[in-house]
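# Structure assessment
For reference, the chains in residue letters:
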Amino acid sequence: MIVLGIETSCDETSVSIVKKSKNDEKGNILSECTLSQIKKHKKYGGVVPELASREHSKTIDKLVKKTIQSSSISINEIDAVAATTGPGLLGALLIGTNYAKAMSLALSKPFISVNHLQGHVLAPRISQNINFPYLCLLVSGGHCQILLAKSFKKFEIIGETLDDSVGEVYDKISIMLGLSYPGGPIIEKLAKKSLGEFKFNLPKPLYKEKNLNFSFSGLKTSIRRIIDKGLNDNQKYDLANEFQNVIADCLLSKVEMSIKRLGKKKIKDFVLSGGVASNEFIRKKFKKLCEKNQLSFFVPEKKLCVDNASMIAWAGIEIIQKQKCHSKIHLPPDPRWRIDKL
Ligand code: KG4
Ligand code: ZN
């Protein structure tokens, strides 16, 4: 089974070809080409939707050709074409989806509609044996959800943010500090320089509440007030460090609560996924949490944490192999497609 995947939900144009052999549980990425638009959006401090659509339409065709050329397979060997059809920016989704649909019609091969979040949650299964049901914390620029992955297409949201996502807060704090976009890797670097001299007593929103939800907008406002007073470099490092600790504490406490509620009989594996999962500090904290709770810890390799088409092609493989009627070629992309409504 060879699937070509296309991802254009936000600011990365990505194309990938993934192969899965019949008797193998895992997949093999034959080639992946990703073009980040970060440079184009940087000066605006975030993604500009219209600019994103224009860039996707400029590059998608070249990228598909390049991916096929570097995969050592011919276009006729592709068994299906998968694309992210939501959630994401509508204009951006339309470029990838329409390209994939046209390709599927031209090749007379099935078109597979993939939910972007489903791609993130299934991503580590490309290279690791993870059994359903498993618990997953999805932390990206657009989402922060605790999920119970019951099968390749059944996901229950058991907790989520009531306002901002974690990635969004990282990005906004970076801009508040006069730094660049995306903020995640920048704040992570700053925090590493901290000597722990200054304390800011940042709030931990909903930390003590018994529900499984998060809220990060109040934390962002507190940090804005601190930054507005003016900070020297050492204070900036310490603020970044304290911020990461607060974020990790909030995430860890709710995930641990979820583990306790589900019980060890129900789940044995935990997956950390999404762009924020590429953060070393957060990865280490969750590894420890899993050891403490006797769960196996899985996280995709860093390039599969941030947006990429390999996770879309892989989800396409899981769908086509297990779901009889998967064709949604007649449906337009859905910018607000929820993972629990597949
Ligand atoms: O999954 P992703 O690539 O796109 C969405 O689906 O949203 O996630 C992007 C987010 C951005 O907010 C970015 O700042 C964050 O992931 N991110 C990180 C790191 N690398 C990327 N956050 C924290 N630490 C990182 N190292
Ligand atoms: Zn994503």
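Residues numbered from 1 in each chain as written. Chains lettered and ligands numbered in written order. Predicted model: local features only at pLDDT ≥ 70, side-chain atom pairs only at ≥ 80, totals over all residues. Heavy atoms only, no water.

## Looking at the sheet that holds strand β8 (residues 155-160)
Strand order in the open sheet formed by five strands is β8-β7-β6-β9-β10, and the pairing between neighbours is mixed. The open sheet has two free edges, formed respectively by β8 and β10 (296-298), since each of these has just one partner strand. Sheet twist, expressed as the average angle between the axes of neighbouring strands with direction ignored, equals 20°. Bridging between strand β7 (residues 144-149) and β8 involves five bridges; their strand directions are antiparallel. (Pairing = 2+ DSSP bridges. Helix = DSSP H or I, 4+ residues; strand = E, 2+ residues; numbered from the N terminus. Axes fitted to C-alpha atoms, helices over the stretch in contact; angles between N-to-C directions.)

## A closer look at the side chain of His116
Positionally, His116 belongs in helix α4 (residues 116-122). Within the structure, His116 has its side chain in polar contact with the side chain of Ser9 (distance 3.4 Å). Among the polar contacts listed, one links the side chain of His116 to the side chain of Asp307, at a separation of 3.1 Å. (Polar contact = N/O pair within 3.5 Å; in protein donor to acceptor, adjacent residues only side chain to side chain.)

## Description of the site of ligand 1
Not every one of the 21 residues close to ligand 1 is listed here, only the nearest: Gly141, Asp171, Glu188, Gly275 and Asp307. Between Gly167 and ligand 1, the recorded distance is 3.2 Å, taken from a backbone N or O atom to an oxygen atom. The protein chains hide 88% of the 560 Å² of surface that ligand 1 would expose on its own. With respect to the detected pockets, ligand 1 is housed in the largest pocket. When residues of the shell around ligand 1 are traced back to their parent elements, those giving at least two are α4, α5 (166-176) and α6 (183-192). Residue contributions to the shell around ligand 1 peak at four residues, all from α6. (Near = heavy atom within 4 Å. Areas by Shrake-Rupley, 256 points an atom, 1.4 Å probe, with all protein chains shown as cover. 1 Å grid on protein atoms, 1.4 Å probe; cavity = no way out; pocket = protein on both sides within 12 Å on 5 of 7 lines; lining within 4 Å. Sits in = over half its atoms within 2 Å of the grid points.)

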